[in-house]
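Coordinate inspection notes
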Amino acid sequence: MNRREFLKIPIAAALLGLVPIGEAKQIKLQPAEVKTGRGGRKFALLWSATKCIFCGACVAACNAVNYNRDKTPNLTWGWPQANTRLVEVKHGEAPRYIFTQCQHCEEPPCVYNCPTGASYIDKELGGFVLVNYNLCVGCKYCISSCPYGARWVNGEGTPSKCTWCVQRVKEGKLPACVAYCPVGARDFGDINDPDSSIAKRLREAKAVYVLMPEKNTKPRFYIVEE
């Protein structure tokens, strides 16, 4: 799907005004130290609270690329079929709205609590947390063990989640939410590569946050102020 085709999709801004915002008020934005190293690739995703205009293009792009523009609602979240959603979190004295999705944790409880090994870390891909649906029995332990509420039940009764559009990344493309953001509020790449765009933005950001670091999951979804 090219940009011209994408622009034919009704932007999800209208949807955002019709669906409930996820309640995650117990979650706080907390300053994070970005740990990089030399041990191979370490992919991460960045969302800029400064640049995002909440147009919903990321939601529409995810729905189009991963769910074939299916308009059936995601009943788990009360949201369109997409892997990124809007939630309200604590930040200082006032609440703040952020887009969030699977954190692709380095220590993912969804993987450790999966009884069949269906949820796994693909280390060859730089740490993607994925699901092998040939092994998934739909027990939903992964959903209940995720502190971020990042998984939802699809129409087949099995868990869906953000995969960082692994099918696109393997082709050398960016995840759909990153590629089709009209204002560059998102970035994705190898933070162990100091020359990557995401590594540079993390270094230059005024503030970098993660969600719930006290869970020791080592999330790789970074929220920045630029």
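This text gives an overview of the structure that appears in the document. Here the structure is a predicted model, which is why all the values come from computation and not from measurement.

Reading the values: rules and limits
- Residues numbered from 1 in each chain as written.
- Predicted model: local features only at pLDDT ≥ 70, side-chain atom pairs only at ≥ 80, totals over all residues.
- Heavy atoms only, no water.
- Helix = DSSP H or I, 4+ residues; strand = E, 2+ residues; numbered from the N terminus.
- Buried < 20%, exposed > 50% of the residue type's maximum accessible area, 1.4 Å probe, protein only.
- Polar contact = N/O pair within 3.5 Å; in protein donor to acceptor, adjacent residues only side chain to side chain.
- Core = buried A, V, L, I, M, F, W, Y, C linked by side-chain atoms within 4.5 Å.
- Phe/Tyr/Trp six-rings, centres within 6.5 Å; stacked < 30°, edge-to-face > 60°.
- Lys NZ or Arg CZ within 6 Å of the ring centre and 35° of its normal.
- Salt bridge = Lys/Arg side-chain N within 4 Å of Asp/Glu carboxyl O.

Examining the side chain of Thr217
Relative to the elements of secondary structure, Thr217 occurs in the loop between strand E10 (207-211) and strand E11 (221-225). A relative accessible area of 3% means that Thr217 is categorised as buried. For Thr217, the side chain forms a polar contact with the side chain of Tyr148, separated by 2.7 Å.

Some remarks on the nonpolar core
Among the nonpolar cores identified, the biggest contains 41 residues, and Trp47, Phe99, Phe128, Phe188 and Ile223 are the most heavily contacted of them. When residues of this core are assigned to their parent elements, the largest contribution, 4 residues, is made by helix H3 (residues 57-67). Residues Ile198, Val208, Val210 and Val224 belong to the second largest nonpolar core, which totals 10 residues.

Things to note about the packing of aromatic side chains
All told, the structure shown has 10 aromatic pairs when counted by the stated rule. Ring geometry for Phe43 versus Phe188: centroids 5.2 Å apart, planes at 0 degrees, classification stacked. Of the two residues, Phe43 sits in strand E2 (residues 43-48) while Phe188 sits in strand E9 (residues 186-190), which places them 145 residues apart along the sequence. Plain terms: the ring middles of Trp164 and Phe188 are 5.2 Å apart, the flat faces sit at 70 degrees to each other, and that makes the pair edge-to-face. Of this pair, Trp164 sits in the loop between strand E8 (159-160) and helix H6 (166-169) while Phe188 sits in strand E9, placing them 24 residues apart in sequence. Ring pairs connect the aromatic residues Phe43, Phe128, Trp164 and Phe188, which therefore count as one cluster. The ring of Trp77 carries the charged tip of Arg85 above its face, separated from the ring centre by 4.6 Å.

Quick word on the pattern of salt bridges
With the rule as written, the count across this model stands at 4 salt bridges. For Lys42, the salt bridge is made with Glu106, and the minimal N-O distance between the two is 3.0 Å. Taken together, the positions of Lys42 in the loop between strand E1 (22-31) and E2 and Glu106 in the loop between strand E4 (94-100) and helix H4 (109-112) put the pair 64 residues apart, joining distant regions of the chain. For Lys42, a relative accessible area of 13% puts it in the buried group. With a relative accessible area of 33%, Glu106 lands in the partly exposed category. Across the pair Lys173 and Glu171 runs a salt bridge, and its minimum N-O distance is 3.3 Å.

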